[in-house]
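Inside the fold
Residue strings, one per chain:
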Amino acid sequence: MGYAQLQSIHLHPVKACRGLAPREAVVEPWGLAGDRRWVLIDDGGKVVTQRQRARLALVAAELLPGGGVRLSAPGMDPLTVPVPRPADTVPVEIFRDKVEAVLAEDDAAHAWCSAYLGADIRLAHMDDPATRRPVDPEHALPGETVSFADGYPLLLTTAASLDALNSLIAQGEHADEGPLPMNRFRPNVVVSGTAAWAEDDWSHLAIGDVTFRVPKKCGRCVVTTTDQATAERGREPLHTLGRHRRLDGKLVFGQNLVPLSRGTIRVGDPVTVLD
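The paragraphs below set out a description of the structure included in this document. Remember, it's a predicted structure, so these values are computed and weren't measured experimentally.

**Remarks on the sheet that holds strand β8 (residues 76-81)**
The 3 strands lie next to each other as β6-β7-β8, forming an open sheet whose pairing is antiparallel. Strand pairing shows two members of the sheet lacking a second neighbour, β6 (60-63) and β8, which therefore form its edges. The sheet shows a mean angle of 15 degrees between the axes of neighbouring strands, taken without regard to direction. Relative to β8, strand β7 (residues 69-73) runs antiparallel, the two sharing 4 bridges. In the sheet register, R70 faces β8, and the bridge partner there is T80.

**Side note on helix α2 (residues 159-170)**
Here α2 spans 16 Å end to end across 12 residues, near enough to the 16 Å set by a 1.5 Å rise per residue. For α2, the complete set of buried residues consists of A159, A160, S161, L162, A164, L165, N166 and I169. On the buried face of α2, the contacting elements are β1 (5-9), β12 (154-158), β13 (189-192), α3 (238-244) and β18 (250-259).

**Observations regarding unusual backbone geometry**
Residue P179 is bonded to the preceding G178 through a cis peptide linkage, with omega at -10 degrees. Between E236 and the following residue, P237, the backbone shows a cis peptide bond with an omega angle of 15 degrees. Secondary-structure assignment places P237 in the loop between β16 (217-219) and α3. Unusually for a residue other than glycine, R36 sits at a positive phi of about 55 degrees. Note on placement: R36 falls in the loop between β3 (31-32) and β4 (38-41). Judged by relative accessible area, R36 falls into the buried class, the value being 8%. A positive phi angle, close to 65 degrees, is found at W197, a residue other than glycine.

Rules used throughout
Residues numbered from 1 in each chain as written. Predicted model: local features only at pLDDT ≥ 70, side-chain atom pairs only at ≥ 80, totals over all residues. Heavy atoms only, no water. Pairing = 2+ DSSP bridges. Helix = DSSP H or I, 4+ residues; strand = E, 2+ residues; numbered from the N terminus. Axes fitted to C-alpha atoms, helices over the stretch in contact; angles between N-to-C directions. Expected span 1.5 Å × (residues − 1). Buried < 20%, exposed > 50% of the residue type's maximum accessible area, 1.4 Å probe, protein only. Contact = heavy atoms within 4.5 Å.

Structural data, given as structure tokens:
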């Protein structure tokens, strides 16, 4: 491997909505500060993502000082939503997990989300990520927690692996769908300067002074087929991943990370594979 470095940072204040690309970010035990602390839920308390509602790709969520968000979307007036004050929690179902969260105080937030998606939708905030949701016990160490990310505090991808995947797509029957941008995979950190698929073999790494363990590879879903600029769905990359990257029964691209220390990561930081 050559000189690996942090190429970009991405955080998503509201799960399933458009992300931000800051030059630096604070790493907390449960993920990047401000990442996926907000979530949309339906009238049954189940999390709503781009899996069900591809149009969420067009919702921009700006992170505000203190952890609030400013929402904007086509055809909608922008709306600022502050972090709710301590209040009774509501149950949220995210995959197999039941998590407690606090609803946005202002009914305007729920009305805004409902109007945009044409369904009864509410906006909720994870008030205490240190206790609310444990990492999957099959791959967790004691005490590890996660925000409303799919399963782990951070997701890492590499630029070289995307280049390799796009080369495979270009040789396939859906070549007209490529090349795909990295935002299809909604990572938190993108690393450059590696060989393609080098991340498959990593178990511990450091980004700058912050260390991480790598609990498992990331199995991909239909969200990756959603054009994040138009919300239109295609066949790629799942078609090509199914032919070339089916590992342990999953279509794999990227690695999940769990922080082992706190700190600040910055674009350009060296990435060191520890083992």
